[in-house]
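Reading the structure
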2 protein chains.
Amino acid sequence: MVAPVANRTTDLHDVASTRLRARDQRYTRGRRAIIDLLARANAPLSIPQLLERDRSLAQSSTYRNLAVLEGAGVVHRIVSSDEFSRYELAEDLTEHHHHLICSSCGDVRDFTVPSALEGELDRALGRVAGDHGFAADHHRLDLVGTCATCA
Amino acid sequence: MVAPVANRTTDLHDVASTRLRARDQRYTRGRRAIIDLLARANAPLSIPQLLERDRSLAQSSTYRNLAVLEGAGVVHRIVSSDEFSRYELAEDLTEHHHHLICSSCGDVRDFTVPSALEGELDRALGRVAGDHGFAADHHRLDLVGTCATCA
DNA sequence: TTGTGACTGAGAATCGCTCTCGCTAGCTTG
DNA sequence: CAAGCTAGCGAGAGCGATTCTCAGTCACAA
Ligand SMILES: [Mn+2]
Ligand SMILES: [Mn+2]
Ligand SMILES: [Zn+2]
Ligand SMILES: [Zn+2]
């Protein structure tokens, strides 16, 4: 329910840069390239997909930079049963949403549910967390199945 | 919303045995031991946890048997960002539920939400799936945060 | 220009998980 | 019961995504 911190791409880079600097880290070319790719894509990307889209990226650096960006709260890592993890911009840089996960090809697509339902969900989950002495950070709602391509 | 196929432990083993036989596979001692451990536990277990609880289990066989049991639809594998996957009985052998996932220690606990909410969720997700030409198999709702133990 | 500390990338290392293979065990048929 | 067939077993080798190492770079400030 919070407005995205960055709407324009320029803002996005500013936010990324600021969050990194706060941790004594630099917003280098490789890191900016990753953010650009993730912002341009309309779905979470795996490392191979990132390397394919920008051949100048080194694999080891990309792994390292994604970890750094995740630590700085700029990027979010999605671990599924697929062979590769996927990465997307952190939610406060985009908007709260959920994922359609294809268990055949591993592809992930975004979707949202009505905010009324989202609200009910949050209330119910808040109650559950309280009952268990659990400090909730965020919820995750995925729909698992077969995508249109894998028919 | 479907009643569990097996309520008693005996039934559980019968179901497991039947589902394996349907695939020309046998319900051996090691496989039965795994099912027993999962039925007794009130949370999904990782392979190390299984091996610790039953020292007679061999690691490689346990990995193989869990894969077989998953293929037969008796066991469900949960992949998280924790180092180990965790396993629980398939939902039609227990009941539909969701997970509290501790991002600190990796522990997983079950919870349920009111069936009214679950129904709304299913309706909304059905609509989403239709819009995307996605053949939904099941949904997954997790609450990620820090458990009481990790405070 | 120099010093400090972060970054880079090729390759080595890690480690959960899967595969291999010689042997055992369960079931079926005669 | 014996023989044949197939599934299962487990120790260890292998696999592969991810992480780590380390010798050079680069950014930035003094
Ligand atoms: Mn997404
Ligand atoms: Mn569970
Ligand atoms: Zn697909
Ligand atoms: Zn914990």
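Notes on the structure in this doc start here. The structure displayed is predicted, hence computed values, not measured ones.

**A few points about the relation of the copies chain A and chain B**
When chain A is brought onto chain B, the operation consists of a screw motion whose angular component is 180° and whose axial shift is 0.0 Å, with 0.0 Å RMSD remaining. Here the transformation between the copies is reduced to the relation of a two-fold axis. It is Leu-141 of chain A whose C-alpha, among those of chain A, lies nearest the rotation axis, at 2.2 Å. Mapped onto chain B, 100% of the interface residues of chain A again fall at the interface, so both copies present the same surface.

**Some details on the coordination of the zinc ion (ligand 4)**
Residues and elements named next belong to chain B. The coordination sphere of the zinc ion (ligand 4), as far as protein atoms go, consists of Cys-102 (SG), Cys-105 (SG), Cys-147 (SG) and Cys-150 (SG), spread over 2.3 to 2.4 Å. What the four donor atoms of the zinc ion (ligand 4) show is an angle range of 102 to 120° at the metal, which sorts the shape as tetrahedral. Linear spacing of the donor residues for the zinc ion (ligand 4) on their chain is C-x2-C-x41-C-x2-C. Placement of Cys-105 in the loop between β4 (98-102) and β5 (108-111) and of Cys-147 in the segment after β6 (135-146) is noted, with a sequence separation of 42 residues between them. What makes Cys-105 partly exposed here is its relative accessible area of 34%.

**Let's talk about the nonpolar core**
Burial of nonpolar side chains together is a common tendency in soluble globular proteins. Among the nonpolar cores identified, the biggest contains 28 residues, and Phe-111, Leu-121 and Leu-143 of chain A together with Phe-111, Leu-121, Phe-134 and Leu-143 of chain B are the most heavily contacted of them. Elements that contribute at least two residues to this core include exactly β4 (98-102), α5 (115-132) and β6 (135-146) of chain A together with β4, α5 (115-132) and β6 of chain B. Apart from residues no more than four positions distant in its own chain, Leu-121 of chain A is found in contact with His-139 and Leu-141 of chain A together with Leu-117, Leu-121 and Leu-141 of chain B.

**Regarding the protein's contact with DNA strand C**
Inspection of the region around DNA strand C gives 17 residues, with Thr-28, Arg-31, Ser-61 and Arg-64 of chain A together with Tyr-63 of chain B positioned closest. Contact between DNA strand C and Asn-65 of chain A: a phosphate oxygen at 3.1 Å from a side-chain N or O atom of the residue. Within the residue set of the surface near DNA strand C, elements represented by two or more residues are α4 (59-71) of chain A together with α4 (59-71) of chain B. Per-element accounting of the surface near DNA strand C gives the leading share, four residues, to α4 of chain A. Grouping the constituent residues of the surface near DNA strand C by class yields three nonpolar, seven polar and seven charged.

**Quick notes on α4 of chain B**
Residues and elements named next belong to chain B. With 13 residues, α4 ought to run about 18 Å at 1.5 Å a step, and its terminal C-alpha atoms sit 18 Å apart, in line with that. Taken as a whole, α4 has its buried residues at Thr-62, Asn-65, Leu-66, Val-68 and Leu-69. Looking down the long axis of α4, one finds its buried residues gathered within 165° of arc, a one-sided arrangement. Positive backbone phi, at 75°, marks Gly-73, one or two positions downstream of α4.

**As for the environment of Val-108 of chain B**
All names here are of chain B. As for its position among the elements, Val-108 is in strand β5. Residue Val-108 is classed as buried on the basis of its relative accessible area, which comes to 2%. In this structure the C-alpha to C-alpha distance between Val-108 and Val-68, which are 40 residues apart in sequence, comes to 23 Å. Setting aside its immediate chain neighbours within four residues, Val-108 contacts Ala-43, Pro-44, Arg-86, His-99, Leu-100 and Ile-101.

The rules we used
- Residues numbered from 1 in each chain as written.
- Chains lettered and ligands numbered in written order.
- Predicted model: local features only at pLDDT ≥ 70, side-chain atom pairs only at ≥ 80, totals over all residues.
- Heavy atoms only, no water.
- Least-squares fit on C-alpha atoms with pLDDT ≥ 70 in both.
- Contact = heavy atoms within 4.5 Å.
- Donors = N, O, S within 2.8 Å, 3.2 Å for Na, K, Ca; no water.
- Tetrahedral: all angles 85-135°; square planar, octahedral: opposite > 155°, others 65-115°.
- Helix = DSSP H or I, 4+ residues; strand = E, 2+ residues; numbered from the N terminus.
- Buried < 20%, exposed > 50% of the residue type's maximum accessible area, 1.4 Å probe, protein only.
- Core = buried A, V, L, I, M, F, W, Y, C linked by side-chain atoms within 4.5 Å.
- Near = heavy atom within 4 Å.
- Polar contact = N/O pair within 3.5 Å; in protein donor to acceptor, adjacent residues only side chain to side chain.
- Nonpolar A, V, L, I, M, F, W, Y, C, P; charged D, E, K, R; others polar.
- Expected span 1.5 Å × (residues − 1).
- Arc of directions from axis to C-beta.

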